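Spelled out, the chains give:
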Amino acid sequence: MLRLVTRRGKGKDALVTTDFTLEGIHFRRDWHSAESVGHRCLARGLSDIAAMGGEPVAAFLSLALPRDLPQSWVGRFARSLISVAERYGATLAGGDTAESPNGILADIIVVGAVPAGKAVLRSGARPGERIYVSGELGGSAAAVVQMRAKPKRKLNPREYSRHFFPEPRIELGRILREKGLASAMIDISDGFSTDLAHICEESGVGAEIDAEAIPQASVGKPAREVDLQLALHGGEDYELLFTARPGKRIPSRIAGVPITHVGHITRGRNIFLRNRAGVAYQLQPRGWEHFRAVF
């Protein structure tokens, strides 16, 4: 994912992000409906805009499609994507189409805006600050585990909504930016451990995390709490991970979304996870790895 902030006119900075959605990497047609693929395709880019405290403006979609793909699939994909765009105030402003010899490829570019100089970056974390996450973690990865374990069984999207129809935290990101609550921020797309490592690397700091504080998602029916390892390393949660100065009061809910304090920023460069017994061990980033097939 690429995040680029450039100066625009009228006191605004432009935010630009681009993401591929590839069949066999990000989805499978026998597991994901066309509606889910369209929703996820745009939600990924919108989540990047949310992570900088921005407002979506426009999206550009380029599609490469197999010759034998039913037109009905394309129509359902497009309607779902446009519905998400309208919900968050983005205009589908253009794109391109081509034939693909090997599966569906979708390239989405999302453009957003933020007041000049006010974008929340990954590089603003400082020692002593607290670390927070929104929502619950591991729900999307739990769906992938279930689909891999039982490839012929279709999951109910309502029971695994954070995987099939994730909601980007646009309003939450905007509030955190407007109220000056977040000093650094990123969306959890590659996994908590990996995305926290991105903040620490770009800010030149370390972190200590309380394992018991990590908000683990509940999925399925009956609902079951996901394993801690999925919450730590599973990707595609699209929640916000942010840091806040010690003097900032962070509510337990913002824009209706639960906010959890999970740790603090340290002066060292390493990230440690402290367990229930008080023992800390180094937390290695083990989230999403590019060029590794998921499905």
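Keep in mind it's a predicted model, so treat the numbers as computed, not measured.

### Considering the overall build of the protein
Inference 1: In terms of regular secondary structure, the protein is built from 7 helices and 15 strands.
Inference 2: A globule of 295 residues ought to have a C-alpha radius of gyration of about 19 Å, and the protein, at 19 Å, matches this closely.
Inference 3: A principal-axis box enclosing the C-alpha atoms of the protein has dimensions of 55 × 50 × 35 Å.
Inference 4: Looking at the protein as a whole, 53% of its 295 residues qualify as buried.
Inference 5: Taking contacts inside the protein between residues at least 6 apart in sequence as the whole, the part at least 24 apart equals 82%.
Inference 6: Looking at the protein as shown, the accessible area adds up to about 13600 Å², and 51% of this sits on carbon and sulfur atoms.
Inference 7: Positive and negative charge centroids in the protein, built from 40 and 32 side chains respectively, lie 3 Å apart.

### Considerations on the packing of aromatic side chains
The geometry of an aromatic ring pair is captured by two quantities: the separation of the ring centres and the angle between the planes.
Inference 1: With the rule as written, the count across this model stands at 2 aromatic pairs.
Inference 2: Ring centres 5.6 Å apart and planes at 15° place the aromatic pair tryptophan 73 and phenylalanine 77 in the stacked group. Here tryptophan 73 pairs with phenylalanine 77, and both are found in helix α2 (residues 71-87), just 4 residues apart, close to one helical turn. Of the two residues examined, tryptophan 73 and phenylalanine 77, each falls in the buried class.

### Considering the pairing of strand β4 (residues 91-99)
Inference 1: One ladder, built from 8 bridges, connects strand β3 (residues 55-65) with β4; its direction is parallel. The partner of alanine 58 across the bridge, within β4, is threonine 91.
Inference 2: Following the chain from β3 across α2 to the adjacent parallel β4, one finds a crossover that is right-handed.

### Considerations on helix α6 (residues 192-203)
Inference 1: Taking 1.5 Å of rise per residue, 12 residues should cover 16 Å, and α6 covers 16 Å from first to last C-alpha, within 8% of that figure.
Inference 2: Judged by how many residues are buried, α6 sits mostly within the fold: 9 of 12 residues are covered.
Inference 3: Along α6, the residues classified as buried are Phe192, Ser193, Thr194, Asp195, Leu196, Ala197, Ile199, Cys200 and Ser203.
Inference 4: Following α6 by one or two positions, glycine 204 has its phi on the positive side, about 70°.

### Regarding the pattern of salt bridges
Inference 1: For the coordinates displayed, the defined rule picks out 16 salt bridges.
Inference 2: Among the ionic pairs, arginine 28 bridges to aspartate 30, the shortest N-O distance being 2.5 Å.
Inference 3: Across the pair arginine 174 and glutamate 55 runs a salt bridge, and its minimum N-O distance is 3.4 Å. Of the two residues, arginine 174 is situated in helix α5 (residues 170-178) and glutamate 55 in strand β3; the sequence distance between them amounts to 119 residues.
Inference 4: What makes glutamate 55 partly exposed here is its relative accessible area of 32%.
Inference 5: One connected set of salt bridges, linked through shared partners, spans Glu55, Glu171, Arg174 and Glu178.

### Things to note about the side chain of aspartate 237
Inference 1: By the secondary structure assignment, aspartate 237 is in the loop between α7 (228-233) and β11 (240-244).
Inference 2: In contact with aspartate 237, other than residues within four places in its own chain, are Glu136, Leu137, Gly138, Gly139, Ser140, Arg162 and Ile188.

### Describing the nonpolar core
Inference 1: Core analysis: the largest hydrophobic core is formed by 46 residues, its most contacted members being Leu42, Trp73, Phe77 and Leu176.
Inference 2: Breaking this core down by element, the ones donating at least two residues are α1 (34-50), β3, α2, β5 (105-115), α5, β11 and β13 (257-266).
Inference 3: Contact partners of leucine 176, with chain neighbours within four places excluded, come to Leu181, Ala182, Met185, Leu240, Phe242 and Ile254.
Inference 4: Residues Ala125, Leu196, Ile199 and Leu273 belong to the second largest nonpolar core, which totals 37 residues.

### Comments concerning α1
Inference 1: The end-to-end C-alpha separation of α1 is 24 Å, in line with the 24 Å expected for 17 residues at 1.5 Å each.
Inference 2: Burial analysis of α1 places 16 of its 17 residues in the buried class, the great majority of the element.

Rules behind the numbers
- Residues numbered from 1 in each chain as written.
- Predicted model: local features only at pLDDT ≥ 70, side-chain atom pairs only at ≥ 80, totals over all residues.
- Heavy atoms only, no water.
- Helix = DSSP H or I, 4+ residues; strand = E, 2+ residues; numbered from the N terminus.
- Rg over C-alpha atoms; globule rule 2.2 N^0.38 Å.
- Buried < 20%, exposed > 50% of the residue type's maximum accessible area, 1.4 Å probe, protein only.
- Contact = heavy atoms within 4.5 Å.
- Areas by Shrake-Rupley, 256 points an atom, 1.4 Å probe, with all protein chains shown as cover.
- Lys, Arg positive; Asp, Glu negative; His and termini not counted.
- Charge placed at Lys NZ, Arg CZ, Asp CG, Glu CD.
- Phe/Tyr/Trp six-rings, centres within 6.5 Å; stacked < 30°, edge-to-face > 60°.
- Pairing = 2+ DSSP bridges.
- Right-handed = clockwise from strand over helix to strand, strands pointing away.
- Expected span 1.5 Å × (residues − 1).
- Salt bridge = Lys/Arg side-chain N within 4 Å of Asp/Glu carboxyl O.
- Core = buried A, V, L, I, M, F, W, Y, C linked by side-chain atoms within 4.5 Å.

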